[in-house]
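# A structural walkthrough
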Amino acid sequence: MIKSVIFDLDGTLTDSYEAIVTSFEYALKEKGIKPIEDEKVRRSYIGPALVYSYERYYDVTREEADELVELYRKVY
């Protein structure tokens, strides 16, 4: 008997690209950071932890990245 089912929605069953990138860039803009416009970079936000992407591409501290993630989660 099946008791539970798990769905992996991000990219597996739905195309969440637009919502993820829009929310990711919203957080940057709220902090006065200009988002990178390169489509390859934008697509690379999907998959890794948000904190990692903010630190890697925007040279922010862990504390700043955590604040960006909080802003991201307000709209996603």
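Refer to the structure presented above.
Since this is a predicted model, take the numbers as computed values, not measurements.

Reading guide: rules and limits
- Residues numbered from 1 in each chain as written.
- Predicted model: local features only at pLDDT ≥ 70, side-chain atom pairs only at ≥ 80, totals over all residues.
- Heavy atoms only, no water.
- Axes fitted to C-alpha atoms, helices over the stretch in contact; angles between N-to-C directions.
- Helix = DSSP H or I, 4+ residues; strand = E, 2+ residues; numbered from the N terminus.
- Parallel < 35°, antiparallel > 145°, perpendicular 65-115°, else oblique.
- Left-handed = near helix turned anticlockwise from the far one by under 90°.
- Contact = heavy atoms within 4.5 Å.
- Nonpolar A, V, L, I, M, F, W, Y, C, P; charged D, E, K, R; others polar.
- Core = buried A, V, L, I, M, F, W, Y, C linked by side-chain atoms within 4.5 Å.
- Buried < 20%, exposed > 50% of the residue type's maximum accessible area, 1.4 Å probe, protein only.
- Polar contact = N/O pair within 3.5 Å; in protein donor to acceptor, adjacent residues only side chain to side chain.

Okay, the packing of helix α1 (residues 17–30) against helix α3 (residues 50–58) next. It is the contact of α1 with α3, at a shortest axis distance of 12 Å, that shows an interaxial angle of 55 degrees. In terms of their interaxial angle, α1 and α3 are classed as oblique. The interaxial crossing formed by α1 with α3 has right-handed handedness. Between α1 and α3, the residues in contact are S23, F24, A27 and L28 and L50, S53, Y54 and Y58, respectively. Classifying every residue of the contact of α1 with α3 gives 6 nonpolar, 2 polar and no charged.

Attention now moves to the nonpolar core. With 18 residues, the main nonpolar core has F24, Y54, Y58 and Y72 as its most contacted residues. Elements that contribute at least two residues to this core include exactly α1, α3 and α4 (62–75). The dominant element in this core, judged by the number of residues it contributes, is α1, at 6 residues. Leave out the neighbours within four places in its chain, and Y72 touches I20, S23, F24, A27, L50 and Y54.

With that settled, the discussion passes to the side chain of R42. Here R42 is to be found in helix α2 (residues 39–44). Polar contacts involving the side chain of R42 include one to the side chain of E39, which spans 3.2 Å.

Unusually for a residue other than glycine, D59 sits at a positive phi of about 50 degrees. Following the sequence through the fold, D59 ends up in the loop between α3 and α4. Note on D59: relative accessible area 71%, which makes it exposed.

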